[in-house]
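# Inside the fold
Spelled out from the first residue to the last, the chains are:
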Amino acid sequence: MQLKPEDISKIIKEQIKNYDSKIEQSETGTVIQVGDGIAKAYGLENCMSNELIRFPNGEYGMAMNLEENSVSLVILGADEGIKEGDTVKRTGRVVSVPVGENLLGRVVNSLGQPIDGKGPIEAAETRPIESPAHGIIERKSVSVPLQTGIKAIDSMIPIGRGQRELIIGDRQTGKTTIATDTIINQAGQDVICIYVAIGQKSSTVAQLVETLSAAGAMDYTIVVASTASELAPLQYIAPYAGVTMAEYFMDQGKDVLVVYDDLSKHAVAYRALSLLIRRPPGREAYPGDVFYLHSRLLERAARLAPEYGGGSITALPIIETQAGDVSAYIPTNVISITDGQLVLETELFNSGIRPAVNPGISVSRVGGSAQIKAMKKVAGQLKLLYSQYIELKSFSQFGSDLDADTKARLDQGARIVEVLKQPQTQPVPVALQVIIIFAVVNNYLKDIAVENIAEFEKGLFDFVLNTRPEIVNKINDTKDMDDETKADIIQAITDFKAKFVPSK
């Protein structure tokens, strides 16, 4: 086959006609200093805050300080192989994470990459980790309860959907347990849960995932883990990644619960980062914007008005105190941002009162509006009776002869304390909580020995569920307790008391 000259010229003309010149333009800079996971680059004039910058070894950096002649980059990976004189490229993208339904049941790192060995995740989309909080007009007041399944909290310090309730206490007082029990209790409540682990041991996170899996809670939960062995920048972005994943579901009109465990370690990671990029230190060597660090995170928790989708994000930030000092810098900062706090105490924990919540100084600034009517009716007196008991108990230690009224109040108080005790990973449905609190507040347990209260409670729950399920169904359906329901509850308690024989 011979090519004719006119065919060749035709092909050349065609190619010249369709020739499209493309000039690739990318802004580059030069590394002028590197060390401690921080790199300084010169020449990135148009760089944005939080923008991803690519290093020659394939790692990415996040632009933190935009100075006059240079940009401070925190390296989101290993800094081996990065040296002075390396060329860095702008990506034009800010730090983003994948979001969507496919993350449910998975354990991911702060960048949304799977770390549970279950293969890649097909994400619905990616979103920037920083986004402005919803404004006042788009929000609605908190009025729908978020049941924790923990009697002491649901009755006295209720949490509503869209609220930010701080869990605060010393180490080993059961803060994470309250958060995990709340996640377990969301089964069937149509709430998606996100647990963000910041600066914890990998073994602790693995144990938590196992607990949630055993309870079947991983089906509706995402675990974002940035463990103690990870770099400070990854610990710093972890909670923002978690709330970004939550916002995807909130925008679809769903309710989400986000646990940040814990923000003390988050502040420490940010302090390390800030000192390395030479930001001026303030009180306790934290940078001046440490308040903004947490306020811009927690303000993203909200309950949206129906015309804006009606979804909600409930935040449970955790703060660890040193020797019960809630007036330290980070605890007071977070207390001032949140809508209440659950204070856990070492003394209560060690004396066997678990969960070790102190109802005297714990508050929920949403209050009764986050409770169902039935609970509001029975729990109204509970906090008062509990507080009176604590006060009388401290006085009664000094006097030996007590009058009958004081003795009766002390006896009732001891039974209230016993009823509010609860083993971990055993949340109690709200209807059963109403029944047992009604029983103790109205003194139906005065002839049950204190040491038999736990056994009595368990038996009563089984008895009601097996023989009188209509009581539970009615409370669940109406969310209220009318005179008829009250009479049924009294009858059920009386019937069970008649047949109750303690095993001891």
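Below, the structure is looked at part by part. On a predicted model such as this, the values are computed, not experimentally measured, just so you know.

### Some remarks on the side chain of Gln235
Here Gln235 is to be found in helix 5 (residues 232-250). A distance of 3.4 Å separates a polar atom in the side chain of Gln235 from the backbone oxygen of Thr227. Apart from residues lying up to four places away in sequence, Gln235 is in contact with Ile198, Gly199, Ser226, Thr227, Ala228, Glu230, Lys265, His266 and Ala269.

### Quick notes on the sheet that holds strand 3 (residues 51-54)
Overall, antiparallel pairing links the six strands, which are arranged 1-2-5-4-3-6 in a closed barrel. Each neighbouring strand pair of the sheet contributes to a mean axis angle of 45 degrees, computed without reference to strand direction. One ladder, built from three bridges, connects strand 3 with strand 4 (residues 60-66); its direction is antiparallel. What sits directly across from Arg54, in strand 4, is Tyr60.

### What to know about the nonpolar core
Core analysis: the largest hydrophobic core is formed by 80 residues, its most contacted members being Ile183, Ile435 and Ile475. For this core, the element with the most residues is helix 12 (residues 430-441), which contributes eleven residues. Residues in contact with Ile475, not counting those within four places in the same chain, are Ile372, Ala374, Ala431, Val434, Ile435, Asp480, Thr485 and Ile489. In this structure, Leu76, Ala246, Val290 and Ala315 belong to the second largest nonpolar core, which totals 57 residues.

### Considerations on the pattern of salt bridges
Applying the stated criterion across every chain yields a total of 26 salt bridges. With a shortest N-O distance of 3.0 Å, Glu51 and Arg90 are connected by a salt bridge. Residue Glu51 is found in strand 3, and its partner Arg90 is found in strand 6 (residues 87-94); the two are separated by 39 residues along the sequence. Judged by relative accessible area, which is 22%, Arg90 ranks as partly exposed. The shortest N-O distance in the salt bridge between Arg161 and Asp255 comes to 2.8 Å. Note that Arg161 is positioned in the loop between helix 2 (151-156) and strand 10 (166-169) and Asp255 in strand 13 (residues 255-261), a separation of 94 residues in sequence.

Rules of the game
- Residues numbered from 1 in each chain as written.
- Predicted model: local features only at pLDDT ≥ 70, side-chain atom pairs only at ≥ 80, totals over all residues.
- Heavy atoms only, no water.
- Helix = DSSP H or I, 4+ residues; strand = E, 2+ residues; numbered from the N terminus.
- Polar contact = N/O pair within 3.5 Å; in protein donor to acceptor, adjacent residues only side chain to side chain.
- Contact = heavy atoms within 4.5 Å.
- Pairing = 2+ DSSP bridges.
- Axes fitted to C-alpha atoms, helices over the stretch in contact; angles between N-to-C directions.
- Core = buried A, V, L, I, M, F, W, Y, C linked by side-chain atoms within 4.5 Å.
- Buried < 20%, exposed > 50% of the residue type's maximum accessible area, 1.4 Å probe, protein only.
- Salt bridge = Lys/Arg side-chain N within 4 Å of Asp/Glu carboxyl O.

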